[in-house]
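Okay, here's what each chain looks like letter by letter:
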Amino acid sequence: MNILVSGGAGFIGSHACFELLDAGHDIIVFDNYYNSSPEALANVEELTGKSFKIYECDMLDRASIEKIFEENTIDAVIHFAGYKAVGESVAKPLMYYNNNITGTVILLETMAKYNVKKIVFSSSATVYGVPETVPINESFPLGVTNPYGRTKLMIEDILRDVCVSDKDWSVVILRYFNPVGAHASSKLRENPKGIPNNLMPRLIQAAKGEVEYLTVFGDDYPTRDGTGVRDYIHVVDLAKGHVKAIDYIADNKGAIEINLGTGNGCSVLELIKTFEKVNGVTVPHKIVERRPGDVAECYADPSLAKELLGWSAVLGLEEMCRDSWRAVMYEA
Ligand code: UDP
């Protein structure tokens, strides 16, 4: 298929571009490089030996989005573009609503105008809010705790409404758990601009000595060692899930929500220990207060992905730690 990838230069987007090309699809990418750089796409071209059209454009710019649809025959869209930092979303909610919501509406309107009615959307386990139990399946109640999460849930709702209004649409909403790791070549990786928020990039900063120590947010949660438990998933597995989702929307109409996680919970201290063991480094760390808004445990029931997409994660925690570190060292 001919797939338009929004936000294709980002961490997950660039890995998905690689897997789509590797699976024989053709891609067209647009990105405004707000939190990414063109280099990732150049690396995708180098790794695959395939070239593709890249548009530097913002999804709020309707004329530029229309131009992409005018100039290409597009079968489906994978929509990664969006702001994603929880703390920033609390400080700048209007910026988040304008970019993520208005941008998506413009994209969907343009798709409808050009009769492109297949979309895979990059959602997040954040839409489950504070889950009552784990593992989390797709029918759990939804609830969000910050503007970033709200944009994900609002976009999910918009997509479900579009499917009710027009039965020709095919929508797969992928709810990601905690993506980490990097491509085996080390040429694609997470490269956050500014101060990172997530555990793995912060852990790496501590391992490199860029910060004195990693702050571990709380050790008094009701978990096996008191630290927060998450479902870390290798970004290569996650990217492959998008190829499966594209196969699925080719044959199915309506909207479906699917978790992409491993189903295994891992605590902050377990992640630190695995990282130290696999990479032979020390991660200085210090227990501090809980971070407001954090939940104790969050991990997926990934059985629907297996049933509907024939997908399950194959890479484990050791590969995630090894590949994250190797990609950072490769660059150094
Ligand atoms: N965490 C931590 N120190 C950090 C960043 C995160 O202890 O510097 C913990 C956080 O409390 C949570 C886990 O690591 O238990 C994953 O946090 P992250 O922000 O990566 O993902 P999310 O909380 O959104 O699932």
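Definitions and limits used
- Counting of residues starts from 1 at the beginning of each chain's written sequence and follows it residue by residue.
- In keeping with the model being predicted, local features are shown solely for residues with a pLDDT of at least 70 and side-chain atom pairs are shown and tallied solely at 80 or more, while totals for entire chains, interfaces and linings include all residues.
- Side-chain measures were taken over the full set of non-hydrogen atoms in the model, leaving aside hydrogen atoms and water.
- Note on aromatic pairs: the rings of Phe, Tyr and Trp (six-membered ring only in Trp) are paired at centre separations within 6.5 Å, and the planes decide the class, stacked below 30 degrees, edge-to-face beyond 60, tilted for the rest.
- Helix numbers and strand numbers start at the N terminus; a helix is a DSSP run of H or I with at least 4 residues, a strand a run of E with at least 2.
- Only protein chains enter the area calculation, which uses a 1.4 Å probe; residues under 20% of their type maximum are buried, those over 50% are exposed, and those in between are partly exposed.
- A ring is scored as having a charge over it whenever the NZ atom of a lysine or the CZ atom of an arginine sits within 6 Å of its centre and within 35 degrees of its normal.
- What makes two strands pair is DSSP finding at least two bridges between them.
- Here a residue is considered near a molecule or strand provided that any single heavy atom belonging to it is located within 4 Å of it.
- The definition of a polar contact used here is a pair of N or O atoms within 3.5 Å, where within protein one atom must be able to donate a hydrogen and the other to accept one, and adjacent residues in sequence count solely through side-chain atom pairs.
- The Shrake-Rupley method, run with a 1.4 Å probe sphere, supplies the accessible areas, and residue values consider only the shown protein chains as cover.
- Just so you know the grouping, Ala, Val, Leu, Ile, Met, Phe, Trp, Tyr, Cys and Pro go in nonpolar, Asp, Glu, Lys and Arg go in charged, and all remaining residues, Gly too, go in polar.
- Here a helix's expected span is defined as the number of its residues, less one, multiplied by 1.5 Å.
- In what follows, a contact means two residues having at least one pair of non-hydrogen atoms within 4.5 Å.
- Only the contacting stretch of a helix is used when fitting its axis, a line to C-alpha atoms as for every element, and angles between N-to-C directions run 0 to 180 degrees.
- We count a salt bridge whenever a side-chain nitrogen from Lys or Arg sits within 4 Å of a carboxyl oxygen from Asp or Glu.
- Using only the protein atoms, space was sampled on a 1 Å grid; points where a 1.4 Å probe fits but cannot get out form cavities, open sets with protein on both sides within 12 Å along at least five of seven lines form pockets, and lining residues are those with an atom within 4 Å of a point.
- Grid points are joined across faces, edges and corners, and a volume is the space filled by probe spheres set on the points.
- With respect to orientation, any angle under 35 degrees is reported as roughly parallel, any angle over 145 as roughly antiparallel, any angle of 65 to 115 as roughly perpendicular, and every other angle as oblique.
- What makes a crossing left-handed is the near helix being turned counterclockwise from the far one by less than a right angle; a clockwise turn instead makes it right-handed.

Caption draft 1: Local environment of the packing of aromatic side chains. For the coordinates displayed, the defined rule picks out 5 aromatic pairs. Both rings, one in Tyr34 and one in Tyr83, keep their centres 4.4 Å apart while their planes meet at 40 degrees; by these two values the pair is tilted. Note that Tyr34 is positioned in the loop between strand S2 (26–31) and helix H2 (38–48) and Tyr83 in the loop between strand S4 (76–79) and helix H4 (86–91), a separation of 49 residues in sequence. For Tyr34, a relative accessible area of 38% gives the class partly exposed. Note on Phe275 and Trp325: the rings are 5.6 Å apart at their centroids and 75 degrees apart in plane angle, and the pair reads as edge-to-face. Residue Phe275 is located in helix H9 (residues 268–279), and its partner Trp325 is located in helix H11 (residues 317–331); the two are separated by 50 residues in the primary sequence. Note on accessibility: Phe275 and Trp325 belong to one class, buried. Positioned above the aromatic ring of Tyr221, the side-chain terminus of Arg290 is 4.0 Å from the ring centre.

Caption draft 2: Focus on the sheet that holds strand S12 (residues 266–267). Within the open sheet, the 3 strands sit side by side as S12-S9-S14. Their pairing is mixed. The open sheet has two edge strands with one neighbour each: S12 and strand S14 (297–298). Pairing between strand S9 (residues 229–230) and S12: 2 bridges, direction antiparallel. Directly across from Arg230, in S12, lies its bridge partner Cys266.

Caption draft 3: Quick peek at the site of the ligand. For the ligand, the set of nearby residues contains 15 residues, the closest of which are Arg202, Thr215, Arg230, Arg291 and Asp294. Separating an oxygen atom of the ligand from a backbone N or O atom of Phe217 is a distance of 2.9 Å. A distance of 2.5 Å separates an oxygen atom of the ligand from a polar side-chain atom of Asp294. Surface burial for the ligand is 88%, taken as the share of its 510 Å² of free accessible area covered by protein chains. Those elements that provide at least two residues to the shell around the ligand are helix H7 (199–208) and strand S8 (214–217). Examining the composition of the shell around the ligand, we find that 4 residues originate from one element, S8, more than from any other. Classifying every residue of the shell around the ligand by side-chain character gives 6 nonpolar, 5 polar and 4 charged.

Caption draft 4: Molecular detail of helix H5 (residues 93–113). With 21 residues, H5 should cover 30 Å at 1.5 Å per step; its first-to-last C-alpha distance of 29 Å lies within 8% of that length. Of all the residues in H5, the buried ones are Tyr96, Asn99, Asn100, Ile101, Gly103, Thr104, Ile106, Leu107, Leu108, Thr110 and Met111. Among the structural elements, S2, helix H3 (62–71), S4, H4, strand S5 (118–124) and helix H6 (147–165) are those in contact with the buried residues of H5.

Caption draft 5: Layout of the sheet that holds S4. Taken together, 7 strands build an open sheet; the order of strands is S3-S2-S1-S4-S5-S6-S11 and the sheet is parallel. Looking at the sheet topology across the chains shown, the edges are occupied by strand S3 (53–56) and strand S11 (254–260). Strand-to-strand twist of the sheet, defined as the mean angle between neighbouring strand axes without regard to direction, takes the value 20 degrees. As defined by bridge partners, strand S6 (residues 170–176) adjoins S11 across 7 bridges and the pair is classed as parallel. The residue bridging Val171 from the neighbouring strand is Ala255, located in S11. Taken strand by strand, helix H8 (residues 235–251) contacts strand S1 (2–6), S4, S5, S6 and S11, and its axis lies near 160 degrees from that of S6.

Caption draft 6: Quick peek at the pattern of salt bridges. As enumerated under the stated definition, the model contains 17 salt bridges in all. In this structure, Glu19 engages Lys240 in a salt bridge whose closest nitrogen and oxygen atoms are separated by 3.5 Å. Residue Glu19 is found in helix H1 (residues 11–22), and its partner Lys240 is found in helix H8; the two are separated by 221 residues along the sequence. On the basis of relative accessible area, Glu19 is assigned to the buried category, the value being 8%. One connected set of salt bridges, linked through shared partners, spans Glu156, Asp157, Arg160, Arg175 and Glu257.

Caption draft 7: Structural context of the layout of surface pockets. Its boundaries defined by the atoms lining it, the second largest pocket holds a volume of some 310 Å³. Forming the boundary of the second largest pocket are 18 residues, of which Arg189, Glu190, Pro192, Ile204 and Val328 lie nearest the centre. Listed by contribution, the elements that provide at least two residues to the lining of the second largest pocket are H7 and H11. Looking at the lining of the second largest pocket element by element, the count peaks at 5 residues for H7. Looking at the lining of the second largest pocket residue by residue, the class counts come to 9 nonpolar, 5 polar and 4 charged.

Caption draft 8: Highlighting the packing of H7 against H11. Taken N-terminus to C-terminus, the directions of H7 and H11 make an angle of 60 degrees; their axes are 11 Å apart at the nearest point. Between H7 and H11, the crossing angle belongs to the class labelled oblique. For the pair H7 and H11, the crossing hand works out as right-handed. Where H7 abuts H11, its residues Met200, Ile204, Ala207 and Lys208 lie against Met320, Cys321, Ser324, Trp325, Val328 and Met329. Class assignment for the residues of the contact of H7 with H11 results in 8 nonpolar, 1 polar and 1 charged.

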